[in-house]
Amino acid sequence: MSFHPRMEYAPAKFHKSERTLAEQGGDFKYTPENQAKFDENVTHYPPEQRKSAILFALYLAQGQQGYLTAAAMQHVAQQIGCTAAEVEDVVTYYTMFYRTPVGKYVINVCRTLSCALLGAERVTEELSAALGIKPGETDPTGTFTLVEVECLGACDRAPVVMVNDEWHERLAPEQSAKLIADIRTKGAAAFTGCHLNKEAQQGAGARGTGDRGKGDRT
Amino acid sequence: MAYQRVLTQYINEPGSYTLDSYLKHQRGYEGLRKALTLKPGEIIDQVKASGLRGRGGAGFPTGMKWQFVLKDTPKPKYICCNADESEPGTFKDHVLMERNPHLLIEGCAIGCYAIGAKVAYIYIRGEFYHVQQILEAEIEKAYKAGYLGKNIFGSGFDCDVYVHRGAGAYEAGEETALIESLEGKRAQPRIKPPFPAVAGLYQCPTAVNNVETLCNVPLIIMNGPEWFSKLGPEKNGGPKLYCISGHVKKPGVYEAAMDTTLRELIYDERFAGGMMDERPMKAVIPGGSSVPLLLPDQLDIPASFDGVQKAGSLLGSAGLIVFNDSVCAVWLAMNLLHFYRHESCGKCTPCREGTDWLLKLLMRIERGEGQPKDLDLLFGVSNNIVGKTLCAFGDAAATPVLSTMKLFRDEYEAHIRAGACTLPAPWRAKHAMAGAH
């Protein structure tokens, strides 16, 4: 009799790799415009260091297709001159690359301390309720994806959400459902953007960078 | 004498980010012009004499770092500007790049000249896309005006500055991980030595400097090292940006000399203006999430590298996260460990596995399912991470646990006794563990 506990082998979960392969997807090729952008970017690095352009190349592919398929990764590998496995290695590491389709608006809610202290957990709950999806999911219409992310670096304007590349600052939990409704009607115009960006163009007037004005909580 | 802001004096004016504004208000690119009349070694001597310490977190003397890179070598050299500002509670580089980008561009150019590099890469985090757009547009203008590119000011010195966008990895803020990421790999740290000064980007000598550090360089060249070192206490000279967030009235970025006390930064009207809704403070994390907490009775110390260290914490990136007495210490540690578990790059086992176990233990205690032995376990796991990893991430990840256990052990014990969170704040999720995954 063995002293080992009885173990299921073949079908048991713990003997299987959890690695999921990216969907192959249809043929992928950069548009001529993106190809030109890539060719320009690659000149920023020494000729023998084309791999440095890999993040830029992946952003281009993702921008073109919405997410990264295996075909897109293979195309990037060809452009860079490395193996597709090396590209996948990079893609799976960084959080800003998607290997499955995402909604038109990817709502990234910052959940780290400064935002959490001002109600980020509740923001996620309200957004989740308004959209009918859990964090990490995409709604059935393919319009919204809800994601919880770590510190976005705008802690003075907590709670912050990043929608695609745009920021929306000081999103009070009570306002979360309204934000979704606004995005549905107004699109990207619903976002406050980064206050620094706006004030840099228009002037902050007498306001300092950190004034928590009661009226301007959006 | 009232402190005169130098890094952020004009940032609230409209168009503060433009080249015109920089030339008009800040004697733009005069530092570079002056630097090019000096020998590289002389610039490094000036930076050394100024006592400028790295603003990214470690506070290492910048002049010394550059000295290591200066040595003769046939290989090209590089400056990597660390703009991967991801430390929770830190948002100062963001302001500098968005409102005063030319100061950074000038700092990069002077840095390149000082160490004999021709290229500087600004590694900016992927989430700062709107900042990157401003930065790239202004770099373009600097090229057109002849402040970058070939033969700057007819001196024969060439310099290129490129922006490199990251893609969401806290670990890319560690200098060797940043270099790996720039080389197109996963942002995972390297074994040191060799240090980047010897074998950095593409195995060439490289100086990795924080945005705020490089922004100080033109000021030192223009105003002289003595002016700089006299701004603030000894060995902690120069202007400093403080990021204050959390339960305060006026969160934001504030510039001050390092003789300002933590109490002033939090309570003074010139800075954060006191606690939100006048609720008493429970504690402050003075240097980004990776440093030990300080209690309200420890605030009368200068917010300098040495001052905060003497009080038992670290100035780090000068990101002050202030919180009031509605915050549960176990929840706080759990929130931060969720961050560290997510961001651990996975290279070193103690950190990869340890952060996961710490989070699981903290979630269990917070949920009310903790057992008395869990406290020893937390301590044991933490101490098996500290000092056993390639980079400082491991130490940083264990700090929130060790620090809250030291200061608020009674809360941990109360959680276990009560079988529930003893301090559930109203701003927390309604479903206690929602979102924890």
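**A short note on helix α4 (residues 62–70) of chain B**
In an α-helix, one turn spans 3.6 residues; hence positions three or four apart end up facing the same way.
Residue and element names in this part refer to chain B.
Thought 1: For α4, the full list of buried residues reads Thr62, Gly63, Trp66 and Val69. Seen from one end, α4 has its buried residues packed into an arc of 120 degrees, which puts them on one side.
Thought 2: Buried-residue contacts for α4 involve α3 (40–50), β1 (78–83), α6 (101–115), β4 (206–210) and α9 (211–223).

**Digging into unusual backbone geometry**
Residues and elements named next belong to chain B.
Thought 1: The omega angle of the peptide bond from Lys192 to Pro193 is -10 degrees, so this bond is cis rather than trans.
Thought 2: Along the chain, the position of Pro193 falls in the loop between α8 (175–182) and β4.
Thought 3: Residues Pro193 and Pro194 are joined by a peptide bond in cis, for which omega reads 5 degrees.
Thought 4: In this structure, Pro194 sits in the loop between α8 and β4.
Thought 5: Phi is positive for Gln203, close to 65 degrees, though the residue is something other than glycine.
Thought 6: Looking at where Gln203 falls in the secondary structure, it is placed in the loop between α8 and β4.

**Let's talk about the sheet that holds strand β3 (residues 160–165) of chain B**
Residue and element names in this part refer to chain B.
Thought 1: Judged by pairing direction, the sheet is parallel, and its 4 strands sit side by side in the order β3-β2-β1-β4 without closing on themselves. Each edge of the sheet is formed by a strand with only one pairing partner; in this case those strands are β3 and β4. Looking at each pair of strands side by side, their axes are set apart by 20 degrees on average, direction ignored.
Thought 2: Relative to strand β2 (residues 119–124), β1 runs parallel, the two being bridged by 6 bridges. Opposite Ile79, over in β2, you have Ala120 as the bridge partner.
Thought 3: Running at roughly 150 degrees to β1, α6 makes contact with β1, β2, β3 and β4 of the sheet.

**A closer look at the side chain of Ser86 of chain B**
All names here are of chain B.
Thought 1: Inspection of the secondary structure assignment puts Ser86 in the loop between β1 and α5 (92–99).
Thought 2: According to the relative accessible area criterion, Ser86 is buried, its value standing at 7%.
Thought 3: Of the polar contacts made by the side chain of Ser86, one reaches the backbone oxygen of Asp84; its length is 2.7 Å.

**Observations regarding the confidence of the model for chain A**
Thought 1: On average, chain A scores 86 in pLDDT, and the residues at 70 or more come to 82%.
Thought 2: Here residues 203–218 of chain A scores under 50 on pLDDT; set against residues more than four positions off or in separate chains, the count is 51 contacts.

**Here's the deal with the interface of chain B and chain A**
Interfaces are often sized by the amount of accessible area the parts lose when they come together.
Thought 1: Counting residues at the interface gives 79 residues for chain B and 58 residues for chain A.
Thought 2: With both chains or domains summed, chain B and chain A bury close to 5600 Å², and 55% of this area falls on carbon and sulfur atoms.
Thought 3: Viewed at the interface, chain A and chain B are joined by 3 salt bridges.
Thought 4: Ionic pairing is found between Arg165 of chain B and Asp165 of chain A, a salt bridge with its closest N-O pair at 3.2 Å.
Thought 5: Summed over the shared surface of chain B and chain A, the number is 26 residue pairs in polar contact (both at pLDDT 80 or more).
Thought 6: Residue composition of the side of chain B that touches chain A, grouped by class: 38 nonpolar, 25 polar and 16 charged.

**As for the packing of α6 of chain B against helix α7 (residues 129–144) of chain B**
Residues and elements named next belong to chain B.
Thought 1: Relative to each other, α6 and α7 sit at 60 degrees, their axes nearing to 10 Å. The orientation of α6 with respect to α7, classified from their angle, is oblique. Once α6 is placed against α7, the crossing between them reads as right-handed. Contacts from Pro101, His102, Leu104 and Ile105 in α6 reach Ile134, Leu135, Glu138, Ile139 and Ala142 in α7.
Thought 2: The residue inventory of the contact of α6 with α7, partitioned by class, reads 7 nonpolar, 1 polar and 1 charged.

**A short note on the environment of Gly193 of chain A**
All names here are of chain A.
Thought 1: Here Gly193 lies in the loop between α7 (176–186) and α8 (195–202).
Thought 2: Under the relative-accessibility criterion, Gly193 is labelled buried at 11%.
Thought 3: C-alpha separation for the pair Gly193 and Val147, spaced 46 residues apart in sequence, amounts to 18 Å.

**Overview of helix α17 (residues 409–418) of chain B**
Thought 1: Taken as a whole, α17 of chain B has its buried residues at Glu411, Tyr412, Ala414, His415 and Ile416 of chain B.
Thought 2: Looking at the packing, one finds that the buried side of α17 of chain B touches β7 (281–285), α13 (329–343), α14 (349–367), α15 (373–383) and α16 (393–407) of chain B.

**Remarks on the packing of aromatic side chains**
Each pair of aromatic rings is reported with the distance of its centres and the angle of its planes.
Thought 1: Inspection of the entire model under this criterion finds 24 aromatic pairs over all chains.
Thought 2: Judged by centre distance (6.1 Å) and plane angle (35 degrees), the ring pair of Tyr30 of chain A and Phe38 of chain A falls under tilted.
Thought 3: On the accessibility criterion, Tyr30 of chain A (5% relative accessible area) is buried.
Thought 4: Ring geometry for Tyr45 of chain A against Tyr121 of chain B: centres 5.3 Å apart, planes inclined by 15 degrees, an arrangement best described as stacked. Here Tyr45 of chain A is found in the loop between α1 (32–41) and α2 (54–65), whereas its partner Tyr121 of chain B is found in strand β2 on a different chain. Neither residue differs from the other here; Tyr45 of chain A and Tyr121 of chain B are each classed as buried.

**With respect to the nonpolar core**
Thought 1: Core analysis: the biggest nonpolar cluster contains 173 residues, and Tyr94 of chain A together with Trp66, Leu104, Trp331 and Leu378 of chain B have the highest contact counts within it.
Thought 2: Counting only domains with at least three residues in this core, you end up with domain 1 (32–93) and domain 2 (105–196) of chain A.
Thought 3: With residues up to four places along the chain from it excluded, the contact list for Leu104 of chain B reads Cys81, Met97, Ile122, Leu135, Val211, Leu214 and Cys215 of chain B.
Thought 4: If you look at the next biggest cluster of nonpolar residues, it comprises 24 residues, including Leu265, Ile266, Phe271 and Ala318 of chain B.

**Things to note about the sheet that holds strand β8 (residues 319–324) of chain B**
All names here are of chain B.
Thought 1: One open sheet holds the 4 strands; their spatial order is β6-β5-β8-β7, and the pairing between them is mixed. In this open sheet, the two edge strands, each paired with only one partner strand, are β6 (252–257) and β7. Here the average twist between neighbouring strands, direction ignored, is 25 degrees.
Thought 2: Bridging between strand β5 (residues 239–246) and β6 involves 6 bridges; their strand directions are antiparallel. Each bridged residue has a counterpart across the sheet, and for Lys240 the counterpart in β6 is Ala256.
Thought 3: The sheet contacts of α5 involve β5 and β6, and relative to β5 the element is tilted by about 115 degrees.

**Here's the deal with the side chain of Glu180 of chain B**
Thought 1: Position of Glu180 of chain B among the secondary structure elements: in helix α8.
Thought 2: Apart from the residues within four sequence positions on either side, Glu180 of chain B is in contact with Lys185, Arg186, Gln188 and Arg190 of chain B.

The rules we used
- Residues numbered from 1 in each chain as written.
- Chains lettered and ligands numbered in written order.
- Predicted model: local features only at pLDDT ≥ 70, side-chain atom pairs only at ≥ 80, totals over all residues.
- Heavy atoms only, no water.
- Buried < 20%, exposed > 50% of the residue type's maximum accessible area, 1.4 Å probe, protein only.
- Helix = DSSP H or I, 4+ residues; strand = E, 2+ residues; numbered from the N terminus.
- Arc of directions from axis to C-beta.
- Contact = heavy atoms within 4.5 Å.
- Pairing = 2+ DSSP bridges.
- Axes fitted to C-alpha atoms, helices over the stretch in contact; angles between N-to-C directions.
- Polar contact = N/O pair within 3.5 Å; in protein donor to acceptor, adjacent residues only side chain to side chain.
- pLDDT = per-residue confidence, 0-100.
- Buried area = accessible area lost by both parts, 1.4 Å probe.
- Salt bridge = Lys/Arg side-chain N within 4 Å of Asp/Glu carboxyl O.
- Nonpolar A, V, L, I, M, F, W, Y, C, P; charged D, E, K, R; others polar.
- Parallel < 35°, antiparallel > 145°, perpendicular 65-115°, else oblique.
- Left-handed = near helix turned anticlockwise from the far one by under 90°.
- Phe/Tyr/Trp six-rings, centres within 6.5 Å; stacked < 30°, edge-to-face > 60°.
- Core = buried A, V, L, I, M, F, W, Y, C linked by side-chain atoms within 4.5 Å.
- Domains from an automatic or database assignment.

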